[in-house]
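Now for the letters of each chain:
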Amino acid sequence: MDSFSSRSSFRAGGREYQLFRLDALDKQGVDTRHLPYSLRILLENLLRTEDGRTVRAEDIRALAAWDPKAEPSREIAFTPSRVLMQDFTGVPAVVDLAAMRDAMVRLGGDPQRINPLQPAELVIDHSVQVDEFGSAQALELNSELEYLRNRERYSFLRWGQTAFQNFRVVPPATGIVHQVNLEYLARVVFAAAGKDGADGPPLAYPDTLVGTDSHTTMINGLGVLGWGVGGIEAEAAMLGQPVSMLIPQVVGMRLAGKLREGSTATDLVLTVTEMLRKKGVVGKFVEFFGPGLPTLPLADRATIGNMAPEYGATCGIFPVDAETLRYLRFSGRSEEQVALVEAYCKEQGMFHTYTGETPDAAYTSMLELDLATVEPSLAGPRRPQDRVPLTGAAKSFAEALPSLIKPDPKRPKQVSSWEGEGGQTFSAPGGNADDGSFLKHLRHGSVVIAAITSCTNTSNPSVMVAAGLLAKKAVERGLKVPPWVKTSLAPGSKVVTEYLEQAGLMPYLEKLKFNTVGYGCTTCIGNSGPLPPEVANAVQEKELVVASVLSGNRNFEGRINPDVRANYLTSPPLVVAYALAGRMDVDLTTEPISNGSDGKPVFLKDIWPTQLEIAQTIEKSLTKSQFQKTYASVFEGDERWRSMPVPLGKTYAWDANSTYIKHPPYFEGMTKTPPGVTEIRGARVLAKLGDSVTTDHISPAGSIKKDGPAGQYLISRGVKPSDFNSYGSRRGNDEVMVRGTFANVRLKNQLAPGTEGGVTRHLPSGEAMSIFDASVKYRAEGVPLIVLAGKEYGSGSSRDWAAKGPCLLGVRAVIAESYERIHRSNLIGMGIVPLQYVAGETADILGLTGEESYDILGLKQAIDSHSPQVKVRATAASGVTTEFAALVRIDTPQETLYYQHGGILQYVLRQLLAKA
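These numbers were taken from a predicted model, which means no experiment stands behind them.

1. Examining the overall build of the chain
- Helix and strand content of the chain: 32 helices and 32 strands.
- The globule rule puts the C-alpha radius of gyration for 916 residues at 29 Å, and the 27 Å found for the chain is close to it.
- For the chain, the spread of C-alpha atoms along the principal axes amounts to about 75 × 75 × 55 Å.
- Buried residues in the chain amount to 63% of all 916 residues.
- Taking the intrachain contacts of the chain between residues at least 6 apart in sequence as the baseline, contacts between residues at least 24 apart amount to 77%.
- Just so you have it, the chain exposes about 31,700 Å², and 50% of that area is on carbon and sulfur atoms.
- For the chain, the centre of its 96 positive side-chain charges and the centre of its 101 negative side-chain charges are spaced 1 Å apart.

In structure tokens form, the structure reads like this:
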């Protein structure tokens, strides 16, 4: 359909294309000139996908007439151009698709109807771990271990490549998904022949996407609209289901000025994150504009877009401008593609200039940041938005220390100092990891992990070159990294290695033991690998609060390493600086890092590179040919990948002995018609949780404890603890993942005070046990379960297992003060109802202990009639009841359908069956 006669043509690079013109609406009296860049992309999406059912003319008019001050209330259906996955989230997504094919066969349908209709691309980047480090053999040994641990998973993905259409896999050791997306996969503008362009030239339209990783937003720096969703939503998008969303509010952030000497893109993004978290942008779009944009290279923009989940926005987008074109050309895109991007964006009023031609957009609200005010910073010790200026880092650690020390009823709650000698300058002690002489220096505040890692910063030449130059100056002054620091360099793509080698900086990084350990998401996702045994033993025996410093985007409790309680995000050059210092309790702006080979103190200012040095090094060492060489055969993989056996068949041959890939239970007993909403009565609380409980707390991605339920399950299946791998790599096996739900070593369940980890009390018996064991007992008793939580429940990664795990434990509802966007929708997608306390009420204000029995009254009527509230009755053991209203956070009609069907996958499967 084309109600607004918007289909037209234009020329780019000497070729004709079709498009759906936005200004067709203006010609019909619907003014679109006030729309922000991101909403212009959404408007084109609706014009192009109008069908009279999912997308109607009135939806298009509503978006075109967007009121920036209005509260979101109008639902639209957004159809992304493609889906992007990494392997931690991609493997369970493909497992679900394989299980849907089996269910389709069982219900009498064609299994090949379960097939991606949109391009789906998966980059294997989350499975490499830092086992070997600080040696020339680190890359090869870690890669070898990666294949040994993950052969089953990789073989399964190879099957998916052959079984599903429109599905491509980028093999291991290529790079981090978001950097590969930025450097190669992103189109910015698609040109599609076939169905849409069958009656003429190819149809051009914006490249849009959803990704199964929160940091999909990194591509916003390239002007591409996309954000992270749960794996279950991504699967639905692959199968042709539009993403249901409310027309969002859009916050504008005006950037002015230029970064000053000594400040980096990392410092900028930590400042932006702090500002926008304080502003409150959860569920909103954020757009960057202003006279400061031309001073920001594309990599800096991508760094800011990357951390949208940390400041809470759905996306953090930059417009297409001359810098976008420069990056596309420089990163190896064809001249034809660059010409198409430029011409299309100019035709649609989406090309930004800084000389007055681009009209000002309307925004819901605005902030302003003078780039010259940005100062060197860290964020920590627990959350990305907790920015600390470098000048206050040591003081910040001292203030946080009492809350970081392991809970012990015998220890006084207030701790004002730490063990060992503090504040003095010292040279790296003699000895090495074998003789153990350095262990006496370990104390609260020792830095035991220093990792240049993650998509956020390893995509950015300015900070990576800065780290290399700082390393060079440090080596020349005779500085060394203390032996208790586990160092690692995990570039986001092989291009990074190319330009660091070309600049002659790799030998200096390697001299400081920042050897390349792998091309993937390592420490930031929790794949930091174990600390050296002697360090880990000392930390555990002394119950030390030691620190990690990483150039990542996530530092939530228990994520980086189970032995490390304080975690700080910062720029790659500061990672190197803290590695050299070996401790957090040092003010690098006034105190020396250490003593040089001449015995004299060396300060950070002595080895910090200037902006001119960095720019000149990049100019000489970074070339277009490096991108072309890196991505010439990106889908082929190495010999190990190419020689793997590939299972065949339209449906997957499940191996009952596999501990990695298992047929999931979501479709067991599923009928062709939905069962409808059932009431929740007599529920018990499985966990009562505080504020800022992240998806890492709910479903950890890191190491598996051998004495926990998941570890015991693997041991019972004959898996040695040394072969456990990680929770992230086991996401294709629901038996492991359900046992790992709420098993984060830092999770504090208020039903079991004084404990950490997945511990609860079974009620009404009061018996303490693991959360998994309690769920088994409750299931045998026929008791439904709920979770009570505080603010920002489910913040962090777009982790579908944070909803799948509770579902399989028997959780029917969550009652929280507020939710992060992705997790709320994931709960609905797994048939769990998200309820929210009304304003001014919390569990504590209502006097709820979590020991009550709960009835959720009127749930079926509320869901079926789209009522915004239900009543909850909590009955204590004494018989005293507390009743309170709760908001039903099922926000759109489409989400209501998902919940009524028992989940999004069940809904999609029934839709496909109905069309057969």
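Alright, that's what it looks like, and here's the rest.
2. Description of unusual backbone geometry
- Residue Gly-380 is joined to Pro-381 through a cis peptide bond whose omega torsion reads 10°.
- Tracing the chain through its elements places Pro-381 in the loop between β16 (377-379) and β17 (387-389).
- Here the residue pair Leu-763 and Pro-764 is connected by a cis peptide bond, since its omega of 10° sits within 30 degrees of zero.
- Mapped onto the elements of the fold, Pro-764 is located in the loop between β25 (759-762) and β26 (767-770).
- Residues other than glycine seldom take positive phi values, yet Ser-454 does so here, at roughly 85°.

3. Concerning the pattern of salt bridges
- A complete count under the given rule lists 56 salt bridges for this structure.
- A salt bridge links Arg-583 to Asp-585; the nearest nitrogen and oxygen atoms lie 3.6 Å apart.
- Classification of Asp-585 as buried rests on a relative accessible area of 6%.
- Ionic pairing is found between Arg-642 and Glu-639, a salt bridge with its closest N-O pair at 3.4 Å. Taken as a pair, Arg-642 and Glu-639 lie in helix α23 (residues 639-642) at a separation of 3 residues, close to a single helical turn.

4. Regarding the sheet that holds strand β15 (residues 365-370)
- Pairing is parallel in the open sheet, where 4 strands are placed in the order β14-β13-β12-β15. Two strands close off the open sheet at either side, each with one partner strand: β14 (315-317) and β15. If you compare each strand with its neighbour and ignore which way they point, the axes differ by 20° on average.
- As judged from the 6 bridges shared by strand β12 (residues 250-256) and β15, these two strands associate in the parallel manner. Looking across to β15, one finds that Met-253 is bridged to Leu-367.
- On top of the sheet, helix α8 (residues 265-279) reaches β12, β13 (285-289) and β15; it is set at about 150° to β15, its chief contact.

5. Some details on the sheet that holds strand β4 (residues 82-86)
- With parallel pairing, 5 strands are arranged side by side in an open sheet as β6-β5-β4-β9-β10. A strand with exactly one partner marks an edge of an open sheet, and here the two such strands are β6 (167-170) and β10 (225-228). Direction aside, neighbouring strands of the sheet carry axes that sit 20° apart on average.
- Where β4 and strand β9 (residues 208-211) come together, 3 bridges link them in parallel fashion. When the sheet's bridge partners are listed, Arg-82 is paired in β9 with Leu-209.
- Across the sheet, helix α5 (residues 138-163) touches β5 (120-123) and β6, and the angle it forms with β6 is around 145°.

6. Considerations on helix α4 (residues 87-106)
- The terminal C-alpha atoms of α4, which comprises 20 residues, lie 28 Å apart, in line with the 28 Å expected from a rise of 1.5 Å per residue.
- The buried fraction of α4 amounts to 17 of the 20 residues, a majority that puts the element mostly inside the structure.
- Trailing α4 by a residue or two, Gly-108 shows a phi angle of about 90°, which is positive.

7. Things to note about helix α19 (residues 572-581)
- Among the 10 residues in α19, 10 count as buried, and that is most of the element.
- Of the positions making up α19, those classed as buried are Pro-572, Pro-573, Leu-574, Val-575, Val-576, Ala-577, Tyr-578, Ala-579, Leu-580 and Ala-581.
- With its phi angle positive at about 75°, Gly-582 sits one or two positions after the end of α19.

8. Observations concerning the nonpolar core
- Core analysis: the biggest nonpolar cluster contains 297 residues, and Leu-222, Phe-288, Phe-514, Leu-580 and Tyr-793 have the highest contact counts within it.
- Per element, the largest residue contribution to this core is 11 residues, and it comes from α4.
- Apart from the residues lying within four places of it in its own chain, the contact partners of Phe-288 are Met-253, Leu-255, Val-272, Leu-276, Leu-293, Ile-304, Tyr-311, Gly-316, Ile-317, Phe-318 and Pro-319.

9. Looking at the confidence of the model for the chain
- Confidence in the prediction of the chain, expressed as mean pLDDT, is 92, and 96% of residues score 70 or more.
- Here residues 411-434 scores under 50 on pLDDT; set against residues more than four positions off or in separate chains, the count is 51 contacts.

10. Remarks on the packing of aromatic side chains
- For the structure on display, the rule yields 21 aromatic pairs.
- One aromatic cluster in this structure is built from Phe-156, Trp-159, Phe-164, Tyr-652 and Trp-654.
- One residue, Arg-730, lies across the ring of Tyr-660, its end atom 3.8 Å from the ring centre.

11. A closer look at the side chain of Thr-487
- Tracing the backbone through its elements, the reader meets Thr-487 in strand β19 (residues 486-489).
- Residue classification places Thr-487 among the buried positions, given a relative accessible area of 0%.
- Here Lys-513 takes part through its backbone oxygen, which lies 2.6 Å from a polar atom of the side chain of Thr-487.
- For Thr-487, the contacting residues outside a window of four places in its chain are Phe-133, Gly-134, Ala-450, Val-481, Leu-512, Lys-513, Phe-514 and Ala-579.

12. Points about the packing of α4 against helix α7 (residues 231-238)
- As a packed pair, α4 and α7 sit with axes 9 Å apart at the nearest point and diverge in direction by 55°. In terms of orientation, α4 lies oblique with respect to α7. For the element pair α4 and α7, the recorded crossing hand is right-handed. On α7, the residues that touch Pro-92, Ala-93, Asp-96 and Leu-97 of α4 are Ile-232, Glu-235 and Met-238.
- Considering only residue class, the contact of α4 with α7 consists of 5 nonpolar, no polar and 2 charged.

13. Side note on the environment of Thr-671
- Along the chain, Thr-671 turns up in the loop between α23 and β24 (680-688).
- Once the C-alpha coordinates of Thr-671 and Val-272 are considered, the two residues, 399 residues apart in sequence, prove to be 49 Å apart.
- Within polar-contact distance, the side chain of Thr-671 engages the backbone oxygen of Thr-673 at 2.6 Å.

14. A short note on the state of the cysteines
- For the structure on display, the rule yields 0 disulfides.
- Note on Cys-455: no disulfide assigned, nearest cysteine sulfur contributed by Cys-521 at a separation of 6.1 Å.
- Relative accessible area serves as the criterion here: at 4%, Cys-455 is assigned to the buried category.
- With no disulfide partner, Cys-524 has as its closest neighbouring cysteine sulfur the one in Cys-521, 5.3 Å distant.
- Residue classification places Cys-524 among the buried positions, given a relative accessible area of 2%.

Calculation criteria
- Residues numbered from 1 in each chain as written.
- Predicted model: local features only at pLDDT ≥ 70, side-chain atom pairs only at ≥ 80, totals over all residues.
- Heavy atoms only, no water.
- Helix = DSSP H or I, 4+ residues; strand = E, 2+ residues; numbered from the N terminus.
- Rg over C-alpha atoms; globule rule 2.2 N^0.38 Å.
- Buried < 20%, exposed > 50% of the residue type's maximum accessible area, 1.4 Å probe, protein only.
- Contact = heavy atoms within 4.5 Å.
- Areas by Shrake-Rupley, 256 points an atom, 1.4 Å probe, with all protein chains shown as cover.
- Lys, Arg positive; Asp, Glu negative; His and termini not counted.
- Charge placed at Lys NZ, Arg CZ, Asp CG, Glu CD.
- Salt bridge = Lys/Arg side-chain N within 4 Å of Asp/Glu carboxyl O.
- Pairing = 2+ DSSP bridges.
- Axes fitted to C-alpha atoms, helices over the stretch in contact; angles between N-to-C directions.
- Expected span 1.5 Å × (residues − 1).
- Core = buried A, V, L, I, M, F, W, Y, C linked by side-chain atoms within 4.5 Å.
- pLDDT = per-residue confidence, 0-100.
- Phe/Tyr/Trp six-rings, centres within 6.5 Å; stacked < 30°, edge-to-face > 60°.
- Lys NZ or Arg CZ within 6 Å of the ring centre and 35° of its normal.
- Polar contact = N/O pair within 3.5 Å; in protein donor to acceptor, adjacent residues only side chain to side chain.
- Parallel < 35°, antiparallel > 145°, perpendicular 65-115°, else oblique.
- Left-handed = near helix turned anticlockwise from the far one by under 90°.
- Nonpolar A, V, L, I, M, F, W, Y, C, P; charged D, E, K, R; others polar.
- Disulfide = S-S within 2.5 Å.

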